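A structural walkthrough
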Amino acid sequence: QTNGRGVLVTAPPLPEPIPSPSIEGSVRTHALNLLEEIFTAHHGYILDRGTSFFETLAEIDAETASLRYSPHCGTLAAQVNHTRFYLDVVLRAMRDGDNTPADWDSSWEIEAVNEEGWAALLAGLRASYEAVAAHIGTRETWDDSAVGDAMALVAHSAHHLGEIRQALAVIPLLRPGFGDQSIG
């Protein structure tokens, strides 16, 4: 209703809310979809096709994974190990309530790897991702801590995927002979 000057006095009633899934179901679904996109399968939320962790890492050999592409960054092998370590630490916190301080420095200690060591790092990352996804997929209660952990898993994993992909743009510059070819 309006008053005599056309000013709204009483707002019309709000429409009935549209039924929606529980917040727990929404958090679970979105966390799983985002983690799946970061690690394995394109959904169109945040990545281009073919740029997930495992698609990116499939193209990297042990020699490339062992290159230090900056004096301020770990090797690609160290990035993978650190990401696996982070997944494991957050999973223990979410699943077991284990908030024991982690030895973050140890997650960066890997430098050079051979093909067997690289394959083991990739298998470890996959196992850690699958354990996190299984936990999130079956978690029934989502308190503030669990929601924060899920958000941190997404952000941290996406960050390190981005670092790896940026390194892959720089690594060819480090190879002997790069730029030796004449142009034209």
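Attention in this report is confined to the structure presented alongside it. (Residues numbered from 1 in each chain as written. Predicted model: local features only at pLDDT ≥ 70, side-chain atom pairs only at ≥ 80, totals over all residues. Heavy atoms only, no water.)

**Side note on the packing of helix H1 (residues 23-39) against helix H6 (residues 144-174)**
Put simply, H1 and H6 touch, their axes get as near as 10 Å, and they point 15 degrees apart. Taken together, the axes of H1 and H6 are roughly parallel relative to one another. Like other packed secondary-structure pairs, H1 and H6 cross with a definite hand, here left-handed. Contact with H1, carried on its side by Val 27, Ala 31, Leu 34, Leu 35, Ile 38 and Phe 39, involves Val 147, Ala 150, Leu 153, Val 154, Ser 157, Ala 158 and Leu 161 of H6 and no other residues of that element. By residue class, the composition of the contact of H1 with H6 is twelve nonpolar, one polar and no charged. (Axes fitted to C-alpha atoms, helices over the stretch in contact; angles between N-to-C directions. Helix = DSSP H or I, 4+ residues; strand = E, 2+ residues; numbered from the N terminus. Parallel < 35°, antiparallel > 145°, perpendicular 65-115°, else oblique. Left-handed = near helix turned anticlockwise from the far one by under 90°. Contact = heavy atoms within 4.5 Å. Nonpolar A, V, L, I, M, F, W, Y, C, P; charged D, E, K, R; others polar.)

**Digging into the packing of H1 against helix H5 (residues 115-138)**
Interhelical geometry of H1 versus H5 gives an angle of 165 degrees and a closest axis separation of 9 Å. Regarding the angle of H1 to H5, the classification is roughly antiparallel. For the element pair H1 and H5, the recorded crossing hand is left-handed. In this structure, H1 uses Arg 28, Ala 31, Leu 32, Leu 35, Glu 36 and Phe 39 to contact H5, whose residues at the interface are Leu 125, Tyr 129, Val 132, Ala 133, Ile 136 and Gly 137.

**What to know about the packing of aromatic side chains**
Within this structure, the stated rule accounts for six aromatic pairs. Taking the centre distance of 5.0 Å and the plane angle of 10 degrees together, the rings of Phe 39 and Phe 53 count as stacked. In this pair, Phe 39 sits in helix H1 while Phe 53 sits in helix H2 (residues 53-57), placing the two residues 14 residues apart along the sequence. Taken individually, Phe 39 and Phe 53 each receive the classification buried, so the pair is uniform in this respect. Seen from their ring centres, Phe 39 and Tyr 129 are 4.7 Å apart, and the 25 degrees between their planes marks the pair as stacked. Residue Phe 39 is located in helix H1, and its partner Tyr 129 is located in helix H5; the two are separated by 90 residues in the primary sequence. There is no split in this pair, since Phe 39 and Tyr 129 are both buried. (Phe/Tyr/Trp six-rings, centres within 6.5 Å; stacked < 30°, edge-to-face > 60°. Buried < 20%, exposed > 50% of the residue type's maximum accessible area, 1.4 Å probe, protein only.)

**Regarding the environment of Gly 148**
Checked against the element boundaries, Gly 148 lands in helix H6. As for Gly 148 and Met 94, which are separated by 54 residues in sequence, their C-alpha atoms are 9.9 Å apart.

**A word on the pattern of salt bridges**
Scanning the entire structure with this criterion turns up four salt bridges. The closest approach of N and O atoms between Arg 92 and Asp 98, which form a salt bridge, is 3.9 Å. On the accessibility criterion, Asp 98 (28% relative accessible area) is partly exposed. Across the salt bridge formed by Asp 96 and Arg 95, the nearest N and O atoms sit 3.0 Å from each other. Owing to a relative accessible area of 47%, Asp 96 belongs among the partly exposed residues under this scheme. (Salt bridge = Lys/Arg side-chain N within 4 Å of Asp/Glu carboxyl O.)

**Focus on a nonpolar patch on the surface**
A surface patch of nonpolar side chains, amounting to about 240 Å² of accessible area, comprises Val 170, Leu 173 and Leu 174. Counting through the fold element by element, Leu 174 comes out in helix H6. Among the residues examined, Leu 174 registers a relative accessible area of 40% and is labelled partly exposed. (Patch = residues over 30% accessible without salt bridge, like charges linked within 9 Å, V, L, I, M, F, W, Y side chains within 5 Å. Areas by Shrake-Rupley, 256 points an atom, 1.4 Å probe, with all protein chains shown as cover.)

**So, H1**
In this model H1 runs 24 Å from its N-terminal to its C-terminal C-alpha over 17 residues, within 8% of the 24 Å that 1.5 Å per residue would give. Of all the positions in H1, only Gly 25, Val 27, Ala 31, Asn 33, Leu 35, Glu 37, Ile 38 and Phe 39 are classed as buried. Here the buried face of H1 lies against H2, helix H4 (76-96), H5 and H6. (Expected span 1.5 Å × (residues − 1).)

**Quick look at the side chain of His 156**
Here His 156 is to be found in helix H6. In this view, His 156 contacts His 82 and Tyr 86; residues no more than four positions away in its chain are not counted.

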